[in-house]
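Chains, contacts and geometry: an overview
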Amino acid sequence: MRRHSACVGATLLAMAVIAVAAGDAVAADRVVLMEYFNATT
Amino acid sequence: MVNTLVTNYPRFVVVEYHQQDAYAKPWGEARGEFYNIWALGIPWFAYDGLWDAWPIDTYETKLQQRLTVPTDVTLELSGAELAADTWEFTAEVCVEAGGIDKTMRIYMVQALDKYPPAYSYSRNTFQQAAATEDVTVAAGACVEVVRDFTFDALSMASPDDIRVMAWAQQPLDGIPAEVHQAAQLAWPFVEVAFADGFESGDLSAWSATVP
């Protein structure tokens, strides 16, 4: 578990560094919403 | 397909609204009218309130495209227990410094995952909605929207499948109404997120789990 967490942390740290390097004025990570309409009949 | 996307994309929130069947709810059917879904029929999928994502073989590429669209809005969702079946949820909505002041309609809903269980495509089926609130947020500022949900016996029978979602959407009467940001919490509503400061590069408080 610890190794897995460290790996995820390192990956996200790399992503954060890339975002900073890109110089984005706004840098929030978008979470996409899907609204799904369906029926069982 | 939706199951695969939910598994593979952590920055992806799904709410399923049944229409005109035994699992339909009035708010969910009104949501269908908001999107004018019957002009095309069901199944009907909206990404970030903008368009029907049909056909199914384009769902993933359209999701990938949408994930790359910048946003200046952040949304953090947290929960606090008030009673065994009642929780208070706070959506903190911010516009980043350097962003654009905007008015947003804040939605908060409760869903039940894998319900009804007889259908393999059942994901995060809508159960109830809180009253929406329109908020105006200046760049560099935040507002909080607080709502309570009491979960019914159906949801409390499968608490691990309870989901609460919030999103910040353009305050319009129908499609297209862009969703700026979304968030989701799962029972027991410990935020699946990072300690404050992580996104801005401050790692001093970060650990594998949020304390």
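None of the values given here were measured: they were computed from a predicted structure.

With that out of the way, let us pick up the interface of chain A and chain B. Listed by partner, the interface residues are 21 residues for chain A and 53 residues for chain B. Roughly 3,400 Å² is buried in total at the junction of chain A and chain B, and carbon and sulfur atoms are behind 60% of that figure. Joining chain A to chain B, the criterion identifies three salt bridges. The shortest N-O distance in the salt bridge between Glu178 of chain B and Arg30 of chain A comes to 3.8 Å. Inspection of the region where chain A meets chain B yields 24 residue pairs in polar contact (both at pLDDT 80 or more). Where the side of chain A that touches chain B is concerned, the elements lending two or more residues are helix H1 (2-22) and strand E1 (32-38) of chain A.

Inspection of every chain in the model, using the stated rule, returns 24 aromatic pairs over all chains. Relative to Tyr121 of chain B, the ring of Tyr119 of chain B lies with its centre 5.7 Å away and its plane at 40 degrees, an arrangement referred to as tilted. Site record: aromatic cluster; members linked through ring pairs are Phe37 of chain A together with Tyr17, Trp27, Phe34, Tyr35, Trp44, Tyr107, Phe126 and Trp167 of chain B. Over the ring of Phe34 of chain B we find Arg31 of chain B, and its NZ or CZ is 4.5 Å from the ring centre. A cation sits over an aromatic face here: Arg31 of chain B above Tyr107 of chain B, 4.4 Å from the ring centre.

Side chains of strand E2 (residues 44-47) of chain B alternate between two faces, with Trp44 and Ala46 of chain B and Phe45 and Tyr47 of chain B buried alike. Here E1 of chain A pairs with E2 of chain B via four bridges, running antiparallel. Within E2 of chain B, the position partnered with Phe37 of chain A by the bridge is Trp44 of chain B.

For helix H3 (residues 59-67) of chain B, the full list of buried residues reads Tyr59, Lys62, Leu63, Arg66 and Leu67 of chain B. Projected onto a plane normal to the axis of H3 of chain B, the buried residues spread over an arc of 140 degrees and lie on a single side. Here the buried face of H3 of chain B lies against E1 of chain A together with helix H1 (2-8), strand E1 (12-18), E2 and strand E10 (179-186) of chain B.

Residue and element names in this part refer to chain B. Taking strand neighbours across the sheet as the criterion, the three strands line up as E3-E4-E8 in an open arrangement whose pairing is antiparallel. Two strands in the sheet have a free side with no partner beyond their single neighbour: strand E3 (73-83) and strand E8 (142-150). Neighbouring strand axes in the sheet, compared pairwise and without regard to direction, differ in orientation by 20 degrees on average. Here nine bridges tie strand E4 (residues 86-95) to E8, and the two strands are oriented antiparallel to one another.

The next thing to look at is the state of the cysteines. Residues and elements named next belong to chain B. All chains considered together, the criterion is met by one disulfide over all chains. Across the disulfide, Cys94 is cross-linked to Cys142 (sulfur-sulfur distance 2.0 Å). Between Cys94 and Cys142 the sulfur-sulfur dihedral comes to about 105 degrees; the bridge is accordingly right-handed. Taken together, the residues Cys94 in strand E4 and Cys142 in strand E8 connect sequence positions 48 residues apart. Of the residues examined, Cys94 reaches a relative accessible area of 10% and is grouped as buried.

What counts as what
Each chain carries its own residue numbering, running from 1 in the written order of its sequence. Written order decides the labels, with chains lettered from A and ligands numbered from 1. Reporting in this predicted model follows two pLDDT cut-offs: at least 70 for local features of residues, and 80 or more for side-chain atom pairs to be given and counted; totals over whole chains, interfaces and linings ignore these cut-offs and use all residues. Working from all heavy atoms in the structure, the side-chain values ignore hydrogens and water. Any two residues whose heavy atoms approach within 4.5 Å are treated as being in contact. Buried area: the sum, over both parts, of the accessible surface (1.4 Å probe) that disappears when the two are put together. One side-chain nitrogen of Lys or Arg within 4 Å of one carboxyl oxygen of Asp or Glu is enough to make a salt bridge. Contacts described as polar in this section are N or O atom pairs within 3.5 Å, which, within protein, must combine one atom able to donate a hydrogen with one able to accept it, while residues neighboring in sequence count only if both atoms come from side chains. Helical segments are the DSSP runs of H or I of at least four residues, strand segments are the runs of E of at least two, and each set is numbered from the N terminus. The pairing test for Phe, Tyr and Trp rings, Trp by its six-membered ring, is centres within 6.5 Å, and the orientation test on the planes gives stacked under 30 degrees, edge-to-face over 60, and tilted for anything in between. For a Lys NZ or an Arg CZ to count as sitting over a ring, it must be within 6 Å of the ring centre and within 35 degrees of the ring normal. Relative accessible area decides the class of each residue, using a 1.4 Å probe on protein chains only: under 20% of the type maximum gives buried, over 50% gives exposed, and in between gives partly exposed. For two strands to be treated as a pair, DSSP must find no fewer than two bridges joining them. For this quantity, the arc is that covered by the directions from the helix axis to the C-beta atoms. Each axis is a line fitted through C-alpha atoms, taken for helices only over the stretch in contact, and angles between the N-to-C directions span 0 to 180 degrees. The criterion for a disulfide is a pair of cysteine sulfur atoms lying within 2.5 Å.

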